[in-house]
Amino acid sequence: MRILAIETSCDETAIALVEARGSFKKNDVYFNVAANIILSQVKLHKKYGGVFPNLAKREHERNLLPVLGKVLEEDSEESRIKNHELSAIKKEKVEKLLERYPTLQERFWEFSEKTPKPDIDAVSITYGPGLEPALWVGVNFAKALSLIWNVSLIPVNHMVGHMLSAALEKKSRTEYKITNIAFPALALLISGGHTELVLMRNWTDHEVVGQTRDDAVGEAFDKVARMLGLPYPGGPEISKISERARKEKTVPPKLPRPMINSNDFDFSFSGLKTSVLYRIKKKPVKTAAEKAIIAREFQEAATEVLVKKTARAAKHYNAQTILVGGGVSANNRIRDALRETTEIGSSQTRLLIAPIETTGDNALMIAAAGYLSATLRPEMLVTPAGVEAGLLKAEGNLRI
Ligand code: KG4
Ligand code: ZN
C-alpha cells in the first residue's frame with residue numbers, strides 16, 4: 001500500500017511517501033520510504049521565542065504545495081495516472097475547503113493541473129492533537145487531495161505516530177521495519193506539547209495512564225532555556241550546555257523532583273520551572289558556566305522524574321516493552337538514563353527509543369500510524385465520497 005502522509009500539527013510541515021507492506025499481527029511490517037521531507041519553521045519561531053499558532057498556519061499554507069511537489073519529484077515511481085476531470089460539485093467543494101487559505105487556494109489548481117495523480121492508495125493525515133489552526137490547514141489540504149485524486153483519507157492521531165516512531169528499526173537508507181513488540185507495552189511520549197505514559201495492550205488498544213498536569217516536559221525545557229537567555233527551541237540548548245557542566249564536575253543546586261513519589265503516573269513540570277525562576281531571581285546567572293550548572297540540574301531533575309515514573313508504571317502494568325518517542329526523546333541524558341535503569345532495560349523488559357531522526361515531528365511516523373489504521377482498523381478510513389459529505393472533521397484534541 002502506498003501512502004502519502006502529511007503532518008502539520010505544530011511547526012513542521014512534513015510530507016512523506018511510503019510504501020508499506022506486511023502485517024502488524026505477523027510482525028513483518030516494512031516501510032520503504034520513497035520520500036520524506038520535513039520543513040522546519042524553527043528559524044521563524046526563533047525570532048519570537050516560541051510557536052504562534054497563526055504564524056505556523058500561515059507557514060504551512062505557504063509550504064504545503066512546494067513540499068508536496070518535492071516529495072513527488074523524489075518519488076521514482078513512474079506510473080502516474082492522469083487526473084480525471086473534476087465535477088463542478090467537487091470543484092466547488094475543494095474551493096470551499098481552501099477558502100480560508102488564499103495563498104494555498106491560489107496555487108492549488110495550477111498545481112493540480114500540472115501534477116498527475118501519484119501512485120498512492122491513501123492519504124494519511126494528522127488530525128490531532130496539536131495547534132488547531134496548524135492542524136486545520138493540513139486536514140483541509142489532505143481533503144482537497146483526496147477529492148482531486150479520488151483516494152481515501154486515513155485520519156491519524158499524532159501521539160500514535162510518536163508511539164510508532166519508537167518501534168521503527170532502520171534497515172537501510174530507505175527501509176524501516178516495525179520491531180517485533182511484546183505486549184503489554186508502555187509508551188513514554190515526551191514532546192513540546194505532551195508528556196504521557198500510554199499503556200498499549202495490543203497494537204490498537206491504547207490507554208493514557210499518566211500525563212502532565214501542567215506543562216509538558218519539552219515546554220519546561222523551552223521555558224527554562226528562555227530564562228537562561230538561550231534561543232528557541234530550548235531543549236537542544238539545555239542539553240548542549242548541560243554536557244559542559246557534566247565535564248566540570250560542579251556540585252549542582254538542588255531542584256525539586258515534582259510528583260516523583262506520588263501514587264499515580266502523572267507528571268508536573270511547572271513547579272520545577274518556577275523553582276528555576278526563583279533561583280535565578282535570588283542569584284542572577286551571568287556566566288556561561290553558571291547557566292550550564294542550572295541547565296544541568298534542571299535536566300537531571302526532569303530526567304529523574306521521567307525515568308522513575310516510567311519504571312514504576314512499567315512494573316505496575318508488567319510491561320514487556322517500553323517505547324520512548326517525541327522531540328524530547330532526542331535528549332542524550334534522558335536516553336542514557338533510561339538505558340541505565342535496570343527496571344526499564346531488564347532481561348524481561350525491552351527498551352526501544354525512537355531513532356534520533358524520528359524523535360521530532362515527521363511524516364514517516366504518520367504514514368506508519370496510517371498503515372496501522374488501514375490494516376487493523378479499516379473502519380477509520382474515510383472514502384472520497386465520505387470526504388465530500390464532510391465526514392472527517394478536524395477535531396483538535398480528540399483522543400485516540
Ligand atoms: O515532538 P516535537 O518535535 O514537537 C511536538 O509535538 O511538540 O517536540 C518538540 C520539543 C521541544 O520542546 C524541544 O525543545 C524538545 O522537543 N527537544 C528537546 C531536545 N530536542 C528537542 N528537549 C530536550 N533535549 C533535546 N535534545
Ligand atoms: Zn510531536
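Residues numbered from 1 in each chain as written. Chains lettered and ligands numbered in written order. Predicted model: local features only at pLDDT ≥ 70, side-chain atom pairs only at ≥ 80, totals over all residues. Heavy atoms only, no water.

Approximately 1,200 Å³ is the volume found for the largest pocket. In terms of lining, the largest pocket is formed by 41 residues, of which the most central are Ser-191, Gly-192, Gly-193, Asp-222 and Tyr-232. Elements with a minimum of two residues in the lining of the largest pocket: helix H1 (42-46), helix H6 (158-165), helix H7 (217-227) and helix H8 (234-248). The element best represented in the lining of the largest pocket is H7, accounting for six residues. Among the residues forming the lining of the largest pocket, the class breakdown is 13 nonpolar, 19 polar and nine charged. (1 Å grid on protein atoms, 1.4 Å probe; cavity = no way out; pocket = protein on both sides within 12 Å on 5 of 7 lines; lining within 4 Å. Points joined across faces, edges and corners; volume = space filled by probe spheres on them. Helix = DSSP H or I, 4+ residues; strand = E, 2+ residues; numbered from the N terminus. Nonpolar A, V, L, I, M, F, W, Y, C, P; charged D, E, K, R; others polar.)

A few words now on the coordination of the zinc ion (ligand 2). Any two of four tetrahedral donors ideally make an angle of 109.5 degrees at the metal, while pairs among six octahedral donors ideally make 90 or 180 degrees. Within the protein, the atoms that donate to the zinc ion (ligand 2) are His-158 (NE2), His-162 (NE2) and Asp-361 (OD), at distances of 2.0 to 2.2 Å. Note that the zinc ion (ligand 2) binds four donor atoms; their angles at the metal cover 92 to 148 degrees, and the shape is irregular. Read from N- to C-terminus, the donor residues coordinating the zinc ion (ligand 2) fall into the pattern H-x3-H-x198-D. Of this pair, His-158 sits in helix H6 while Asp-361 is found in the loop between strand S12 (350-353) and helix H12 (364-376), placing the two residues 203 residues apart along the sequence. The exposure class assigned to Asp-361 is buried, which follows from its relative accessible area of 14%. (Donors = N, O, S within 2.8 Å, 3.2 Å for Na, K, Ca; no water. Tetrahedral: all angles 85-135°; square planar, octahedral: opposite > 155°, others 65-115°. Buried < 20%, exposed > 50% of the residue type's maximum accessible area, 1.4 Å probe, protein only.)

Here we take up the site of ligand 1. For ligand 1, the set of nearby residues contains 20 residues, the closest of which are Gly-192, Asp-222, Gly-235, Gly-327 and Asn-331. Contacts to ligand 1 include Gly-193, whose backbone N or O atom sits 3.3 Å from an oxygen atom. Relative to its free-state accessible area of 550 Å², ligand 1 is covered by the protein chains to the extent of 87%. One can see that ligand 1 is located within the largest pocket. (Near = heavy atom within 4 Å. Polar contact = N/O pair within 3.5 Å; in protein donor to acceptor, adjacent residues only side chain to side chain. Areas by Shrake-Rupley, 256 points an atom, 1.4 Å probe, with all protein chains shown as cover. Sits in = over half its atoms within 2 Å of the grid points.)

Further remarks concern the sheet that holds strand S9 (residues 195-200). Here we have five strands laid out as an open sheet, ordered S10-S9-S8-S11-S12, and mixed in their pairing. At either margin of the open sheet sits one strand with a lone partner, and together these are strand S10 (206-211) and S12. Between one strand axis and the next, the sheet turns through 20 degrees on average, direction left out of account. Two strands pair when backbone bridges link them, and S9 and S10 are joined in this way by five bridges, in the antiparallel orientation. Across the sheet, Val-198 pairs through a bridge with Val-208, a residue of S10. Packed on one face of the sheet, helix H10 (residues 288-316) meets strand S8 (185-190), S9 and strand S11 (321-325) and runs near 160 degrees to S8. Across the sheet, helix H11 (residues 332-340) is in contact with S8, S11 and S12; its angle to S12 comes to roughly 170 degrees. (Pairing = 2+ DSSP bridges. Axes fitted to C-alpha atoms, helices over the stretch in contact; angles between N-to-C directions. Contact = heavy atoms within 4.5 Å.)

For the structure shown, the criterion picks out nine aromatic pairs. For the ring pair Phe-265 and Tyr-317, a centre distance of 5.7 Å and an interplane angle of 55 degrees mean the geometry is tilted. In this pair, Phe-265 sits in the loop between H8 and helix H9 (270-282) while Tyr-317 sits in the loop between H10 and S11, placing the two residues 52 residues apart along the sequence. Seen from their ring centres, Phe-267 and Phe-269 are 6.1 Å apart, and the 15 degrees between their planes marks the pair as stacked. The same class applies to Phe-267 and to Phe-269, which are both buried. An aromatic cluster of at least three residues, connected via ring pairs, comprises Phe-24, Phe-31, Phe-183, Trp-203 and Tyr-371. One residue, Arg-100, lies across the ring of Trp-136, its end atom 5.9 Å from the ring centre. (Phe/Tyr/Trp six-rings, centres within 6.5 Å; stacked < 30°, edge-to-face > 60°. Lys NZ or Arg CZ within 6 Å of the ring centre and 35° of its normal.)

Don't take any of this as a statement about function, it's just geometry.
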